[in-house]
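An overview of the molecular structure
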Amino acid sequence: MWKQWLVALVLILAGAGTATLYVAMESSSATQDNDDARVSTVSAATPRWQGVRDDVRAVATLRALNAVELTTEVSGRVVQLNLEPGRKVSQGDVLVRLDDRQALADLRVIEAQLADARRQLERASRLRSNNSVAQSQVDELRTAVNVAEAQREAARVRLGNHRIEAPFDGVVGLSDISSGAYLPAGTAITTLDATDSMELRLSVPERFVGQVRIGQPVIASSPAFPDERFQGQLVELASRISELSRTLSVRAIIDNADGRLRPGQFMSASLTLREREALVIPEQAVMIRGDDKYVFVAEDGIARRVSVVTGSRLPGLVEISSGLSIDDAVVITGQDRLSTGDRLEVQADGQAIPENRFAGNPGA
């Protein structure tokens, strides 16, 4: 009987050993599977040096450096008209001439009176040498000459007022004046704008006032020419900050030799405050939690969280002021599921930092 119990005990112990071995093998397999499951596949890229600019963007308006509305100073009928809208004219070119026959006749009368006064003065001066004429008479004649000279100058001005000339080099605007029309004094003739160089007016927020300097570059774009950027330079700063908008008005000069830009045109402007070389990484690598900005760095297949300080932003990129070195492998995909110490499998990705298609388009 005891032999049967002994056989039964041996069989029970053998079964228990087999079950224990099976459970141990299953646990080892599950542990290995769990370890494999905790390996995160990510893409990484190393920071790179790139030119970075601190820019201030603002809306701006174009103005001509010189702009006037030409008007008549006297009344008269138009006898000469040289107004062709859009035509460039030079300083001194006659744009409109009014009938000046009366003014010319008045000038000739005064010139004749002046010539007579000078002859009388000359004769009296000769007679005064031998005391044949009193000094008071000579003085009166000299005064008459001075008055006649002043009258001649006034007559010349009145005659000149019948001619409307270009006060500077510029482009003529639209006009509704016709040859032969009678124009009262003060009638608007046309506009004249100097457009070879244009003045760009914009406002800079108060917090950037300490960084604004004359000579800083400005890049402007216009909806009228969406694929072009116009280069300029800061030339003037206002002496006051607007209490209403808390901005500083500044002016830049933009070359417009081809004449495509026009006064009053809307522009988007970018004022470059500072340029430098800085480390940049793809902006999607940066995680934000409250006031903390951080990235994950792959070190020997292990994730490490690193706090960073960011600077300027570029299209698709962000400047890292501190926290990273040029040799760090920064995780740029899958980092939202990572914690420090997680195992990583970094995929080789030659396009981890994509080419910046805006690099040649700084005003975009």
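Residues numbered from 1 in each chain as written. Predicted model: local features only at pLDDT ≥ 70, side-chain atom pairs only at ≥ 80, totals over all residues. Heavy atoms only, no water.

1. Quick look at the overall build of the protein chain
What counts here: We count a stretch as a helix when DSSP gives it H or I for four or more residues in a row; a strand needs E for two or more, and each element gets its number in order from the N terminus. The buried label applies to any residue whose accessible area, calculated with a 1.4 Å probe on protein chains only, is under 20% of its type's maximum; exposed applies above 50%, and partly exposed to all values in between. Residue contacts are defined here by distance: any two heavy atoms, one from each residue, within 4.5 Å place the two residues in contact. Residue-level accessible areas treat just the shown protein chains as cover; the underlying method is Shrake-Rupley with a 1.4 Å probe.
The helix and strand inventory of the protein chain stands at 3 helices and 20 strands. Out of the 364 residues in the protein chain, the part that is buried amounts to 34%. Pairs at least 24 apart in sequence give 74% of the contacts found in the protein chain among residues at least 6 apart. For the protein chain, the exposed surface amounts to about 21900 Å²; the carbon and sulfur share of it is 50%.

2. Topic: the environment of Leu344
One can find Leu344 in strand 20 (residues 344-347). The class for Leu344 is buried, based on a relative accessible area of 9%. Each C-alpha atom of the pair Leu344 and Glu299 lies 8.9 Å from the other, and the pair is 45 residues apart in sequence. The contacts of Leu344, once residues within four sequence positions are left out, are Val39, Ser40, Val42, Ala298, Gly301, Ile302, Ala303, Val331 and Leu338.

3. A closer look at the pairing of strand 3 (residues 76-81)
Quick note on the threshold: Strands were regarded as paired on the criterion that DSSP finds at least two bridges between them.
Two strands pair when backbone bridges link them, and strand 3 and strand 8 (residues 182-183) are joined in this way by 2 bridges, in the antiparallel orientation. For Arg77, the partnering residue across the bridge sits in strand 8 and is Tyr182. Direction of pairing for strand 3 relative to strand 5 (residues 94-98): antiparallel, over a ladder of 3 bridges. Residue Val78 lies in a different strand from strand 5, and its bridge partner there is Leu98.

4. Points about the confidence of the model for the protein chain
Quick reminder of the rule: Per residue, pLDDT captures the predictor's confidence, and it can take any value from 0 to 100.
Looking at the protein chain, pLDDT values average 83 and 85% of them are 70 or higher. This stretch, residues 27-37, has a pLDDT under 50; its non-local contacts, to residues over four places away or in other chains, come to 1 contact. Confidence over residues 356-364 falls short of pLDDT 50; this stretch has 14 contacts with residues more than four positions distant or in other chains.

5. Considerations on the side chain of Thr187
Positionally, Thr187 belongs in the loop between strand 8 and strand 9 (188-205). Apart from the residues within four sequence positions on either side, Thr187 is in contact with Leu70, Thr71 and Thr72.

6. Some remarks on the side chain of Thr190
Going by this rule: Two N or O atoms form a polar contact when they lie within 3.5 Å of each other; inside protein one atom must be a possible hydrogen donor and the other a possible acceptor, and for residues adjacent in sequence the pair counts only when both atoms belong to side chains.
Of note, Thr190 is situated in strand 9. A polar contact of 3.0 Å, which involves the side chain of Thr190, links it to the backbone oxygen of Leu174. Excluding residues within four positions of it along the chain, Thr190 makes contact with Val68, Glu69, Leu70, Leu83, Val172, Gly173, Leu174 and Ser175.

7. With respect to unusual backbone geometry
The backbone of Arg246 shows a phi angle near 55°, a positive value even though the residue is not glycine. Take Arg246: it is sitting in the loop between strand 11 (225-241) and strand 12 (247-255).

8. Here we look at the sheet that holds strand 5
Read from one edge of the open sheet, 4 strands run 6-5-3-8, paired in antiparallel fashion. The open sheet is flanked by strand 6 (163-165) and strand 8, the only strands paired with a single partner.

9. Here we look at the nonpolar core
Put simply, the rule reads: Side-chain atoms within 4.5 Å link the members of a nonpolar core, which is a set of buried Ala, Val, Leu, Ile, Met, Phe, Trp, Tyr and Cys residues.
Counting 24 residues, the largest nonpolar core has Leu200, Leu261, Met267 and Leu271 as its most contacted members. Among the elements of the structure, strand 2 (48-71), strand 9, strand 10 (217-222), strand 11, strand 12 and strand 13 (266-282) are those that each provide at least two residues to this core. One finds Leu95, Val96, Leu98 and Ala194 within the second-largest nonpolar core, a separate group that totals 17 residues.

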